[in-house]
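Structural characterization, general
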Amino acid sequence: MSHEILQTGLQLAKQAVEADTSKQYTLASQLYEQAILNLKLAIVSEKDPSRNALVKTKIEEYTNRNKFIKNLASSSSSTSTGVGGNSNNSNAIFNFPSIPSSVSPSVANVTYHQQILI
């Protein structure tokens, strides 16, 4: 795995999680997109299947969260302009992905006997 691309992807993911946690959703979305791109580029050259699987799992997690905050942003902008019907959705049921808990730059050092939480 290209170590520099992986480290850049992980740093961007960390910044995205921080922005997401502080409810800066536009910035978080942009950072998630950049992180996902870097992580996808990093796995292209990876030969270790366990590392590939771990990074692919994180890519999926970040992608799901990014889709959710994009939908959240678009629905909040449409309800604030009066488009989209009733803004009082007290009966709505939401099934949304959680904010990723953390990002670990040590994913590049994963061995078969380690479990790294990103």
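The text that follows walks through the structure, step by step, so that each part is easy to find. (Residues numbered from 1 in each chain as written. Predicted model: local features only at pLDDT ≥ 70, side-chain atom pairs only at ≥ 80, totals over all residues. Heavy atoms only, no water.)

What the rule picks out here adds up to 5 salt bridges. Of the charged contacts in the structure, one is a salt bridge between Arg65 and Asp20, with a shortest N-O distance of 2.7 Å. Here Arg65, found in helix H3 (residues 49-80), pairs with Asp20, found in helix H1 (residues 3-21); they are 45 residues apart in sequence, far enough to count as distant. Residue Arg65 shares its accessibility class with Asp20, and that shared class is buried. (Salt bridge = Lys/Arg side-chain N within 4 Å of Asp/Glu carboxyl O. Helix = DSSP H or I, 4+ residues; strand = E, 2+ residues; numbered from the N terminus. Buried < 20%, exposed > 50% of the residue type's maximum accessible area, 1.4 Å probe, protein only.)

With that settled, consider the environment of Lys58. For Lys58, the location among the structural elements is in helix H3. With 45 residues separating them along the chain, Lys58 and Ala13 place their C-alpha atoms 9.5 Å apart.

All right, on to helix H2 (residues 25-44) then. End to end, H2 covers 29 Å across 20 residues, agreeing with the expected 28 Å (1.5 Å per residue, within 8%). Every buried residue of H2 is listed here: Ala28, Ser29, Leu31, Tyr32, Ala35, Ile36, Asn38, Leu39, Ala42 and Ile43. (Expected span 1.5 Å × (residues − 1).)

Attention now goes to the nonpolar core. For soluble globular proteins, the rule of thumb is that nonpolar side chains tend to be buried together. Within the largest apolar cluster, 20 residues are counted, with the highest numbers of intra-cluster contacts made by Leu6, Tyr32, Leu39, Val55, Ile59 and Tyr62. Secondary-structure elements contributing two or more residues to this core are H1, H2 and H3. In terms of residue count, the dominant contributor to this core is H2 (8 residues). Non-local contacts of Ile59, meaning those with residues more than four positions away in its chain, are made with Ile36, Leu39, Lys40 and Ile43. (Core = buried A, V, L, I, M, F, W, Y, C linked by side-chain atoms within 4.5 Å. Contact = heavy atoms within 4.5 Å.)

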